[in-house]
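# Coordinate analysis (summary)
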Amino acid sequence: MMKRTKNFLVLLLLGAFIGSFWGRFSRLSDFKIKKEQLSLLGGNTKTLSQQLNERQWKKVRVTKIFSILRYSKGQLLMPTSVKIFEDSIYILDPTIPALLKYDSSGKFITKFGNNKGKGPGELMQPLDFSVSDRFILITDVSTSLVNIFNKDAKFLYAIRTKFIPSRVTLINDTIFAISETGIGGKLSLYNLKGKMLRTFSPFFEKEIKYAWPEDFFITSGTKGNIYGVFFHGSYIFSFNSLGKSIFFTETIDKFPFPQVNIYSSDVDNRKVIRASIDHNVPVSALSISISNDTLYVLAGSASKKAKGIVIDAYMVENGKYLYSFKFNKSSNVQSVGYCFVYKGYLYLTEILNDGNSAVTKYKFDFE
């Protein structure tokens, strides 16, 4: 348990979370190829807002408060995301698999998920979650279910979505949004009864049958708007609950979307269509969160270049870039994978040098 495969760690920490790759390739053989290469932005007619050319750095002082390494039955294995709601700390660990709840001091309270499996309340490959006053939603890319629990960790029911549910965010106690893994990168809204209210593709003028199903992280604000940032392409966006675009803008990095290389091969006398990208392309973002009407994005390649953690801040209203701050990883930390900013604190999922994992709370103050 203490030793883990480094290749797996790299994939995880670059945002290619459990089940994502399976979802990316699951439908590739069903479509006719018309072009050898496609950009994910192909067909987008939205006005693209531009940002500054260089980061505006703020000096910051970061203080470690505590680290969470365990839950009731053992160690954290591979935490992929952390979120804070009403001062409680929620950590998703797909390897357990479970969503774990802690109080504000880091004391374990309970877990969501009745062991590993496909039965009621069980999880196979949970990828994301969202918390509201009444409900906790957990997506499972293996079963294509959105699992719904109450605040006491009791499983209520599950909703089967049209496509594989990837990221999820509760807009209120009646509506939630999910990004759906697969061709076209859909963003869909459902009510808590399981009815799909609307679906739209924020990145295409019309339905494109063949494009790299780019992963993107989503969250929601107090006005019910949806915000998102891409794993690869350096773009940040917002839509209201009716699917109307509020803004679509560059991030400070300005990385283009990766080109999709499409090729075919004969397998058992059957032509199979495959797609791939260069996995050395820059990583734009690893997470997005909202605090005090500011969007905070954990930068991917910029953090790697700085050999630490780089966080960029944007305005909620229009996505305009504000500033950045950076700090060094703790000496015992090998890599970080997810960041959540909340009331002057930030929470990081960390892989430690000894092979263990942790979620650490830091206090940050601008100098």
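The model shown is predicted, which means the values in this text are computed figures rather than measured ones.

Now for the pairing of strand β14 (residues 186-191). Side chains on a regular strand alternate between the two faces of the sheet. Burial analysis of β14 places six of its six residues in the buried class, the great majority of the element. Connecting β14 to the next strand, strand β15 (residues 196-200), in antiparallel fashion are four residues, including Gly 194 with a positive phi near 95 degrees.

Throughout the structure, instances matching the rule amount to seven salt bridges. When the shortest N-O distance is used, the salt bridge between Lys 83 and Asp 128 registers 3.1 Å. Of this pair, Lys 83 sits in strand β4 (residues 81-85) while Asp 128 is found in strand β8 (residues 126-131), placing the two residues 45 residues apart along the sequence. The two residues Lys 83 and Asp 128 agree in class, both being buried. Note that Asp 365 is salt-bridged to Lys 363, the shortest N-O span being 2.9 Å. Given the relative accessible area of 21%, Lys 363 is considered partly exposed.

The strand order across the open sheet formed by four strands is β8-β9-β10-β11, and the pairing between neighbours is antiparallel. Bordering the open sheet on either side are β8 and β11 (155-160), each of which pairs with just one other strand. Across the sheet, the mean angle from the axis of one strand to that of its neighbour is 20 degrees, orientation sign disregarded. Judged from the five bridges that link them, strand β10 (residues 145-150) and β11 form a sheet pairing that is antiparallel. Along β11, the bridge assignment pairs Leu 145 with Arg 160.

By the criterion of burial, strand β24 (residues 308-315) is predominantly enclosed, with seven of the eight residues buried. The pairing of strand β23 (residues 294-299) with β24 spans five bridges and is classified as antiparallel. Residue pairing for β24: Leu 295 is matched across the bridge by Tyr 314. Pairing of β24 with strand β25 (residues 321-328), which is carried by seven bridges, proceeds in the antiparallel orientation. Across the sheet, the residue bridging to Tyr 314 is Tyr 321, located in β25.

Quick notes on the rules
Residues numbered from 1 in each chain as written. Predicted model: local features only at pLDDT ≥ 70, side-chain atom pairs only at ≥ 80, totals over all residues. Heavy atoms only, no water. Buried < 20%, exposed > 50% of the residue type's maximum accessible area, 1.4 Å probe, protein only. Helix = DSSP H or I, 4+ residues; strand = E, 2+ residues; numbered from the N terminus. Pairing = 2+ DSSP bridges. Salt bridge = Lys/Arg side-chain N within 4 Å of Asp/Glu carboxyl O. Axes fitted to C-alpha atoms, helices over the stretch in contact; angles between N-to-C directions.

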